[in-house]
Structures are given as C-alpha cells and as structure tokens.
Amino acid sequence: MSTARTSPPAPALVVARTTLLVAAVAAVGIVHVWSHTRVTAAGYRLGELQRTQESLRAQRDRLEVEVATLRAPGRLEEFARARLKMAPPAPGAVVAGWKGVAAAGRAGTVGEEVLQRPTPAEPVVRTKVTRATGGPRDQRIAVR
C-alpha cells in the first residue's frame, strides 16, 4: 500500500485564506449593521411624519370649524351691518321683475329687445332674442 503524504500548506496560504474569511465575515457584519441603522432611522422618520400628519389634520379641523363659523348667516349679517354699513332694503325698493323678462331671467319673444335682470354684482345687459327653441318650457336663446 502506498501512502501519499501531502505536505502541509504554506503558512502564507493559511494566512491569506484566514484573512479572506475574516474580511468576508466583517463585510457581512458591516452590511447588517448599516441596514439595521437605516431601518431604525426610517422608523424614526416615519414616526415624525405621522406626528406631523396628525398635527396638520387637527389644524385643518380647527380651520374648517373657523370657516363654518365665519360663514354662518348670523355672522355674515353682523359683518355686513357693522363693517360694511349695509341695511335691509327699504319697503318697495325690491322689484320682482321687469316687463319682458320672465321671473327666471329668460328673455321675452323673438325679435324683442329686453333688459336681462342682473345679479347683485353684475351690470344691466341689453339683449335681443334671436331664436326660440321648442320644448316643454319654450326656452329662448339670447345673444348679446
């Protein structure tokens, strides 16, 4: 029987393999620690953003209540009387409609020139009805 004896590896080769193994384990450890710190930092940031979101929701709710309070009819009336010096119209000052204008603001017959009743912030506009369309309400189209 022949026994082949292998010679032990050179000391430099053992040191190189050990160094490579230790470097690989160290790299894995560093990547693990780095990823753990990133996850922890992201968790803290998420908590901070959730607190900010709750704060903004509470602020939005407070502002919605304030807007509702400011838009309340009684508050608007008080503001109009006190700051804008407005008052209810005098009896007889309100006109329900003009000749040639229907109550809904539609013009009269075709070819007739009429005044369109304005809304409170619009000027009076003269229009001439050019065409009538058939339909259940007999609507008319006005061209300015």
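This text follows the structure it describes.
### Points about the overall build of the protein chain
Here is step 1: Scanning the protein chain for helices and strands turns up two helices and three strands.
Here is step 2: For the protein chain, buried positions account for 7% of its 144 residues.
Here is step 3: The contacts of the protein chain with a sequence gap of at least 6 include a subset with a gap of at least 24, amounting to 7%.

### Quick look at the pattern of salt bridges
Here is step 1: The final tally for this structure, using the stated rule, is five salt bridges.
Here is step 2: Arg45 is paired through a salt bridge with Glu48; the nearest N and O atoms lie 3.1 Å apart. In this pair, Arg45 and Glu48 are both assigned in helix H1 (residues 11-70), three residues apart and thus about one turn of the helix distant.
Here is step 3: Residue classification places Arg45 among the partly exposed residues on the basis of a relative accessible area of 43%.
Here is step 4: Of the charged contacts, one joins Glu77 and Arg81 as a salt bridge, the two residues approaching to 2.9 Å between their closest N and O atoms. In this pair, Glu77 and Arg81 both sit in helix H2 (residues 73-82), four residues apart, roughly one turn of the helix.
Here is step 5: Since its relative accessible area comes to 41%, Arg81 is described here as partly exposed.

### Here's the deal with the environment of Pro88
Here is step 1: Mapped onto the secondary structure, Pro88 falls in the loop between H2 and strand E1 (113-116).
Here is step 2: Overall, the relative accessible area of 53% leaves Pro88 in the exposed class.
Here is step 3: In the structure, Pro88 is positioned 11 residues away from Glu77 in sequence and 10.0 Å away in space, judged by C-alpha atoms.

What counts and what doesn't
Residues numbered from 1 in each chain as written. Predicted model: local features only at pLDDT ≥ 70, side-chain atom pairs only at ≥ 80, totals over all residues. Heavy atoms only, no water. Helix = DSSP H or I, 4+ residues; strand = E, 2+ residues; numbered from the N terminus. Buried < 20%, exposed > 50% of the residue type's maximum accessible area, 1.4 Å probe, protein only. Contact = heavy atoms within 4.5 Å. Salt bridge = Lys/Arg side-chain N within 4 Å of Asp/Glu carboxyl O.

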